[in-house]
Structures are given as C-alpha cells and as structure tokens.
Amino acid sequence: MKNQMELTFLSQPENEAFARMVISAFLVRVNPTLSVVSEVRTAVSEAVTNAVVHAYDTRDGRILLRAGIEGDVLTVEVEDFGRGIANVEEAMQPFFTTQPDQERTGMGFALMQSFMDVLRVQSAPDCGTVVHMEKSLVEA
C-alpha cells in the first residue's frame, strides 16, 4: 500500500521549519528510527532552503512538497517554479555557491546526497527545479 501527500506553501524562510515538521509527521505512521527522521528532516530542510533562497529572488513563490511511502522506501520531491539552475552538475558540487557574499556554504546538495539514498535534480533556466530524493526506511 502506498501512502502519499502533497503540500504547497510560500517560499518564506519560516516555512523551512514547517516543511521539517510536515515530513516528520508524515513519517510517524511507519515508526522510523530517530536517525532516519533526522536525516530526512535535514535533507528536506536543505531542499526547501535552496528554493527559498535561490528560486524567486526577493519575491514570494510557491514550493511544492510531495512525499510517498511504498513498502520500506520514502520518496520526497521538493519543487519550485522559479528561475531554475543553469548548470545542475556545477551547482551540486560541494562548496559551489552563487551567493558567497551572503555566507552560503554551498553544501546543500552535498548534505542531501549524504543523508538520502537517491538524489536527482531536474532544472532549467526559468523553468523551476525539482529535487527528487529517496530513502530506505530500514537501516542496514
């Protein structure tokens, strides 16, 4: 049986914490370990933060959080409809940032990749970005 959810919210910084709480609540029914919850929360937070900081410049836009659980696998997507990423491969490199003057570390994608089993990013200029992540809910 597959359980799924979808939530749309504005790209405001306070919604980063909201997204963390929502994904945690979604996971509760499968009784995950605290480390799995922590890793998923961190990955979702990084994806939402990227959308808040980079997708819409100074205007508010929409962020879509989708999640599904099928068997022992959690799938999460964070999608924005903003300016997109010109070079996804470059953006995914550790320490790459387009905003060094704002003390951005450029570690968002690296953190997502370290905490999730699968990370794929689809994006194009002026077409938005979809961050697709998967995580086994059974620890090895």
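See the structure shown above.
Computed from a predicted structure; not experimentally measured.

Draft legend 1. Structural context of the packing of aromatic side chains. One pass over the full model with this rule turns up one aromatic pair. Plain terms: the ring middles of F9 and F18 are 6.1 Å apart, the flat faces sit at 90 degrees to each other, and that makes the pair edge-to-face. One Lys or Arg, R62, reaches over the ring of F81 and ends 4.4 Å from the middle of that ring.

Draft legend 2. Representation of the side chain of E16. When you line up the elements, E16 lands in helix α1 (residues 14–27). No salt bridge is formed by the buried E16; its nearest oppositely charged neighbour, R20, is found at 5.0 Å. Every residue in contact with E16, bar those within four places of it in the chain, is listed here: V48, T49 and V52.

Draft legend 3. Highlighting the pattern of salt bridges. Overall, the coordinates contain four salt bridges when judged by the stated rule. For the salt bridge of E39 with K135, the shortest nitrogen-to-oxygen distance reads 2.5 Å. Of the two residues, E39 is situated in helix α2 (residues 34–55) and K135 in strand β5 (residues 129–136); the sequence distance between them amounts to 96 residues. Residue K135 is classed as buried on the basis of its relative accessible area of 9%. Between R66 and E79 there is a salt bridge whose closest N-O contact spans 2.5 Å. Placement of R66 in strand β2 (residues 62–70) and of E79 in strand β3 (residues 73–80) is noted, with a sequence separation of 13 residues between them. E79 gets classed as buried once you look at its relative accessible area, which sits at 15%. Each member of the salt-bridge network shares a partner with another, and the members are E6, R66, E77 and E79.

Draft legend 4. Just the sheet that holds β2, in detail. Spatially, the five strands line up as an open sheet ordered β1-β2-β3-β5-β4, and their pairing is antiparallel. Both edges of this open sheet fall to β1 (2–10) and β4 (118–123), since each of them pairs with a single strand only. Neighbour-to-neighbour, the strand axes of the sheet open up by a mean angle of 10 degrees, direction not taken into account. On top of the sheet, α2 reaches β1, β2, β3 and β5; it is set at about 175 degrees to β5, its chief contact.

Cut-off values and rules
- Residues numbered from 1 in each chain as written.
- Predicted model: local features only at pLDDT ≥ 70, side-chain atom pairs only at ≥ 80, totals over all residues.
- Heavy atoms only, no water.
- Phe/Tyr/Trp six-rings, centres within 6.5 Å; stacked < 30°, edge-to-face > 60°.
- Lys NZ or Arg CZ within 6 Å of the ring centre and 35° of its normal.
- Helix = DSSP H or I, 4+ residues; strand = E, 2+ residues; numbered from the N terminus.
- Buried < 20%, exposed > 50% of the residue type's maximum accessible area, 1.4 Å probe, protein only.
- Lys, Arg positive; Asp, Glu negative; His and termini not counted.
- Salt bridge = Lys/Arg side-chain N within 4 Å of Asp/Glu carboxyl O.
- Contact = heavy atoms within 4.5 Å.
- Pairing = 2+ DSSP bridges.
- Axes fitted to C-alpha atoms, helices over the stretch in contact; angles between N-to-C directions.

These figures come from the coordinates and say nothing about function on their own.
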